[in-house]
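# Structural characterization, general
Read off the chains here:
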Protein chains: 2
Amino acid sequence: MNSPIDFYFDFSSPYGYLASTRIDELAEKFGRTVVWRPYLMGAVFKITGRQPLVQHPLVNEYSERDIARTARLYDIPITFPEKFPIASVAPCRAFYWLNETDTEKAKQLACSIYKAYFAGGRDISKPDTVADVVVETGFDRDAIETALQNQSVKDKVREETDKAIERKVFGSPYIVIDDEPFWGFDRFDQIERWLETGGW
Amino acid sequence: MNSPIDFYFDFSSPYGYLASTRIDELAEKFGRTVVWRPYLMGAVFKITGRQPLVQHPLVNEYSERDIARTARLYDIPITFPEKFPIASVAPCRAFYWLNETDTEKAKQLACSIYKAYFAGGRDISKPDTVADVVVETGFDRDAIETALQNQSVKDKVREETDKAIERKVFGSPYIVIDDEPFWGFDRFDQIERWLETGGW
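Notes on the structure in this doc start here. (Residues numbered from 1 in each chain as written. Chains lettered and ligands numbered in written order. Predicted model: local features only at pLDDT ≥ 70, side-chain atom pairs only at ≥ 80, totals over all residues. Heavy atoms only, no water.)

### A few points about the overall build of chain A
- Each helix and strand in chain A was counted, giving ten helices and four strands.
- In terms of C-alpha radius of gyration, chain A reaches 16 Å, essentially the compact-globule figure of 16 Å for 200 residues.
- The dimensions of chain A, computed from C-alpha atoms along their principal axes, are 50 × 45 × 35 Å.
- A sequence separation of at least 24 residues applies to 72% of the contacts in chain A between residues at least 6 apart.
- Total accessible area on chain A stands at roughly 9,100 Å², and carbon and sulfur atoms take up 47% of it. (Helix = DSSP H or I, 4+ residues; strand = E, 2+ residues; numbered from the N terminus. Rg over C-alpha atoms; globule rule 2.2 N^0.38 Å. Contact = heavy atoms within 4.5 Å. Areas by Shrake-Rupley, 256 points an atom, 1.4 Å probe, with all protein chains shown as cover.)

In structure tokens form, the structure reads like this:
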């Protein structure tokens, strides 16, 4: 029995969004499942001393172009959001709240939240927007509004972020297969080959 | 007649080294030539406010692993140098000195210098080491020793770096095909597709 693949991502990461549209399909091809693990990359930036690519002169222009070009290549809808980057704590809380009871639905919600932001231009840093998406996905507004304020949900997000950092995760997407880490949507070709061959 | 592809790189860049072993072959497949354009990425880091990946905690460990894994995948010899990163001004001067009279031999020299550093562990930041490699490649020691101190060669390196920055080049490898920029060895799949299809 193969162990599941860990998929770390931040809800404000464009390459994380691109990865989210492909990761389960890719894993399934090789009989693997995927555990989705959103976390708060902002906490990591404080440790690594790095900044999101889009906050650097020169790099920012290129990155927007590269993200759009890569999305076109894989036929993934994307419209670069005006507000970027954003705090991703509200979507992260919504995810872990739902994940507690239904991991599949939590994945679907993650996809809907990502799409709302990167294809719909909606500001998912706002708890209200996240609640709207949750309701559109078929859940009760009261439940999510309560959840977003729930202390154990808040703690869960902090714990998952701490655990990611302990595991030396620093990027998005960041995928771990049997202890082998892969950073970036552009490692999907190596991921595919790794799953196929067992490594090299 | 297709215009040549521009290949920007820094001699201290591991992914630039990986790219140097493949770029001409890839371009040739589609009837293209490549102009090699080494430059001093240190000057760009001052503008972008970025640092080499390997200087960040967490990212450095991953990067060394990723570089080794990628090199193994493409069967490119690499031993991560103890001294890293290094100043790349001496190799850059040697390249432009030779490039003035023979662009093909300048490419061969660039490959030999890269190999001396990334496969041989030799400190190519030292003018003496660069002179040794030039001599091994079949040139006169006096000629390269004089060239490394020559003002017009020094100016040429500065000019090429300024021109790269004007063109918004910021990374290594950084490849420009008909005004379309591609950053990183991991964009070689997109480069191949771009050359094949003319873009998307």
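### A look at the environment of Val44 of chain B
- Looking at where Val44 of chain B falls in the secondary structure, it is placed in helix α3 (residues 41-48).
- Expressed as a C-alpha distance, the spacing of Val44 of chain B and Ala164 of chain B, which sit 120 residues apart in the sequence, is 9.1 Å.

### Things to note about unusual backbone geometry
- Across the junction of Phe84 of chain A and Pro85 of chain A, the peptide omega takes the value -10°, indicating a cis bond.
- Its place among the elements puts Pro85 of chain A in the loop between α4 (59-73) and α5 (89-99).
- In this structure, the amide linkage connecting Ser172 of chain A to the following residue, Pro173 of chain A, adopts the cis form with an omega of 0°.
- Checked against the element boundaries, Pro173 of chain A lands in the loop between α9 (151-166) and β3 (174-177).
- Even without being glycine, Asp178 of chain B reaches a positive phi, approximately 45°.
- For Asp178 of chain B, the position within the fold is in the loop between β3 (174-177) and β4 (180-183).
- Of note in this structure, Asp179 of chain B is not a glycine but carries a positive phi near 70°.
- Note that Asp179 of chain B resides in the loop between β3 and β4.
- Asp179 of chain B sits in the exposed class, given a relative accessible area of 59%. (Buried < 20%, exposed > 50% of the residue type's maximum accessible area, 1.4 Å probe, protein only.)

### Topic: α5 of chain A
Residue and element names in this part refer to chain A.
- Across the eleven residues of α5, eight count as buried, placing the element largely inside the fold.
- All of the buried residues in α5 are Ala90, Pro91, Cys92, Arg93, Ala94, Phe95, Tyr96 and Leu98.
- Contacts from the buried residues of α5 go to β2 (34-38), α6 (103-118), α7 (127-136), α8 (141-149) and α9.

### Examining the state of the cysteines
Residue and element names in this part refer to chain A.
- Evaluation of the coordinates by the stated rule reveals zero disulfides over all chains.
- The closest cysteine sulfur to the non-disulfide-bonded Cys92 is located on Cys111, 14 Å from its own sulfur.
- The buried category is assigned to Cys92, whose relative accessible area is 1%. (Disulfide = S-S within 2.5 Å.)

### Remarks on the packing of aromatic side chains
- For the structure shown, the criterion picks out 46 aromatic pairs over all chains.
- Between Trp183 of chain A and Tyr62 of chain B, the aromatic rings sit 5.9 Å apart at their centres with planes inclined by 80°, giving edge-to-face as the arrangement. Of the two residues, Trp183 of chain A sits in strand β4 (residues 180-183) while Tyr62 of chain B sits in helix α4 (residues 59-73), which places them in two different chains.
- An aromatic cluster is built from Phe7, Phe9, Phe11, Tyr17, Trp36, Tyr114, Tyr117 and Phe118 of chain A, whose rings are joined through pairwise contacts. (Phe/Tyr/Trp six-rings, centres within 6.5 Å; stacked < 30°, edge-to-face > 60°.)

### Quick word on the relation of the copies chain A and chain B
- For the pair chain A and chain B, the superposition axis carries a translation of 0.0 Å, the fit reaches an RMSD of 0.0 Å, and the rotation angle comes to 180°. This pairing of chains is accounted for by a two-fold axis. Ranked by how close their C-alpha atoms come to the rotation axis, the residues of chain A are headed by Asp186 of chain A, at 3.1 Å.
- Of all interface residues in chain A, 100% are interface residues in chain B too; the two copies therefore contact each other through one and the same surface. (Least-squares fit on C-alpha atoms with pLDDT ≥ 70 in both.)

### Regarding the interface of chain A and chain B
- At the interface, 36 residues of chain A touch 36 residues of chain B.
- Interface area, chain A with chain B, both sides summed: about 3,400 Å², of which 56% is carbon and sulfur.
- The three residues of chain A that bury the most area against chain B are Leu58, Tyr62 and Arg69 of chain A, which together make up 20% of that side's buried surface.
- The tally of links between chain A and chain B comes to ten salt bridges.
- Across the pair Asp186 of chain A and Arg187 of chain B runs a salt bridge whose closest N-O atoms are separated by 3.0 Å.
- Those elements that place two or more of their residues in the side of chain A that touches chain B are α3 (41-48), α4, β4 and α10 (188-197) of chain A.
- Tallied by class, residues from the side of chain A that touches chain B come to 18 nonpolar, five polar and 13 charged. (Buried area = accessible area lost by both parts, 1.4 Å probe. Salt bridge = Lys/Arg side-chain N within 4 Å of Asp/Glu carboxyl O. Nonpolar A, V, L, I, M, F, W, Y, C, P; charged D, E, K, R; others polar.)

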